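Notes for the structure review
Each chain, written out:
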Amino acid sequence: MDMTQQQYQQQTEAEQAALWNGRAGRAWVDAQASLDAILQPFEDWLVDEVRAGSAQRVLDVGCGTGATTLAVARLLASAKGQCVGVDISEPMIAAARERARRESSPATFICADVQRHVFAPASFDMIISRFGIMFFDSPVQAFENLRQAARGGAALRALAWRSPAENPFMTTAERAAAPLLPNLPARQPGAPGQFACADRERVSSILEESGWTGVDIQPMDVECAMPEKDLNGYFTRLGPVGLMLQEEPDEHRRAQVIETVRTAFKPFVRGGEVRFTAACWMIGAHAPSA
């Protein structure tokens, strides 16, 4: 790696750490209940995958505020299994630990960068992720590190978003607000972020290069919903538009953006609910057997 690439990687890593330990992390903590409800079908899928695989020690990558980690820990509790959640966001890990304390869960949490954290070698027999693998600055390095943490034959089961074009709900706020927020950052294909795993061939190549075998990536379309009353909080706190609105000093412009974006979401509002189709990848692979 030349110095220019190294400097770019370090800058991007610093930006991701600052983002998830700052406004984005706090926003996800504030929206925890609403987001957990929207993403419940994906949590259920991962729990079913753990159940089918008879795993005993599971690592949840990009665990956020811990919903999936806690659900898997409940599943494994009777068999004395363990689920460990890892995330780079201190606010979200703090929230996850508090949730575990409240329900007396055996789940544990690590605040760390998955790309560099030194996990005990061959210590997990399954690795899962609910939309937590799209934010790596060095994805091959991250998946190599996870493979080393996996026992021989351990399964990887992850969920990631497909393309922006297949997820119009996810980009509605950006498209509507763009004329009013000229500094709204454009999404870069493949860059760390929500749609970093949109290209199936790229994801497959990353996994194979990092030493995983039996890579299988299949589309999944899931109907999701949230109460209409939660919509404004969703787009004014989360995503690129939400992050910019948190910093917008001009109250008139802020109100104009909110009204414009709220109108743009009308096609998704039906009978007091906001409904949309989430277009994702189900990503599967295995660590090589010893």
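Presented here is an overview of the structure given in this document. (Residues numbered from 1 in each chain as written. Predicted model: local features only at pLDDT ≥ 70, side-chain atom pairs only at ≥ 80, totals over all residues. Heavy atoms only, no water.)

**Here we look at the overall build of the protein chain**
Within the protein chain one finds twelve helices and eight strands. A compact globule built from 290 residues should have a C-alpha radius of gyration of about 19 Å, and the protein chain, at 19 Å, falls within 12% of that. By its C-alpha atoms, the protein chain is 60 × 50 × 30 Å across when sized along the principal axes. For the protein chain, the residues scored as buried account for 49% of the 290 residues in total. The long-range fraction of contacts in the protein chain, counting pairs at least 24 apart against all pairs at least 6 apart in sequence, stands at 82%. Accessible surface for the protein chain amounts to roughly 13400 Å². Of this, 51% is attributable to carbon and sulfur atoms. If the 28 positive side-chain charges of the protein chain are averaged to one point and the 35 negative ones to another, these points end up 5 Å apart. (Helix = DSSP H or I, 4+ residues; strand = E, 2+ residues; numbered from the N terminus. Rg over C-alpha atoms; globule rule 2.2 N^0.38 Å. Buried < 20%, exposed > 50% of the residue type's maximum accessible area, 1.4 Å probe, protein only. Contact = heavy atoms within 4.5 Å. Areas by Shrake-Rupley, 256 points an atom, 1.4 Å probe, with all protein chains shown as cover. Lys, Arg positive; Asp, Glu negative; His and termini not counted. Charge placed at Lys NZ, Arg CZ, Asp CG, Glu CD.)

**With respect to the pairing of strand β3 (residues 108-111)**
Summarising the sheet, strand β2 (residues 82-87) and β3 pair through four bridges and their orientation is parallel. For Val-84, the partnering residue across the bridge sits in β3 and is Thr-108. For the segment spanning β2, helix α6 (residues 90-102) and β3, crossover handedness is right-handed. (Pairing = 2+ DSSP bridges. Right-handed = clockwise from strand over helix to strand, strands pointing away.)

**Some remarks on the pattern of salt bridges**
Side chains bearing opposite charge may pair, as long as their charged atoms lie close to each other. The tally for this structure, following the rule as stated, stands at 16 salt bridges. For the salt bridge of Arg-99 with Asp-36, the shortest nitrogen-to-oxygen distance reads 3.0 Å. Taken as a pair, Arg-99 in helix α6 and Asp-36 in helix α3 (residues 32-38) lie far apart in primary sequence, 63 residues in all. Asp-36 sits in the buried class, given a relative accessible area of 10%. The closest approach of N and O atoms between Glu-98 and Arg-101, which form a salt bridge, is 2.5 Å. With Glu-98 and Arg-101 both in helix α6, this residue pair falls three residues apart, about one helical turn. Among the residues examined, Glu-98 registers a relative accessible area of 31% and is labelled partly exposed. With relative accessibility at 55%, the residue Arg-101 sits in the exposed group. (Salt bridge = Lys/Arg side-chain N within 4 Å of Asp/Glu carboxyl O.)

**Digging into unusual backbone geometry**
The residue Ser-54 is not glycine, and still its phi comes out positive at about 55°. Tracing the chain through its elements places Ser-54 in the loop between α4 (40-53) and β1 (57-61). At Ala-122, a residue that is not glycine, the phi angle is positive and equals roughly 50°. For Ala-122, a relative accessible area of 40% corresponds to the partly exposed category.

**Thoughts on the packing of aromatic side chains**
Tallied over the full model, the rule gives eleven aromatic pairs. Ring geometry for Phe-131 against Trp-161: centres 4.2 Å apart, planes inclined by 10°, an arrangement best described as stacked. Here the residue Phe-131 occupies a position in the loop between β4 (124-130) and α7 (139-149), and Trp-161 occupies one in strand β5 (residues 150-161), the gap between them amounting to 30 residues. Considered together, Phe-131 and Trp-161 belong to a single accessibility category, that of buried residues. (Phe/Tyr/Trp six-rings, centres within 6.5 Å; stacked < 30°, edge-to-face > 60°.)

**Structural notes on the environment of Cys-83**
Within the secondary structure, Cys-83 is located in strand β2. Considered as a pair, Cys-83 and Ala-71 are twelve residues apart in the sequence and their alpha carbons are 9.1 Å apart. Non-local contacts of Cys-83, meaning those with residues more than four positions away in its chain, are made with Val-58, Asp-60, Thr-69, Val-72, Ala-73, Leu-76, Ala-107 and Thr-108.

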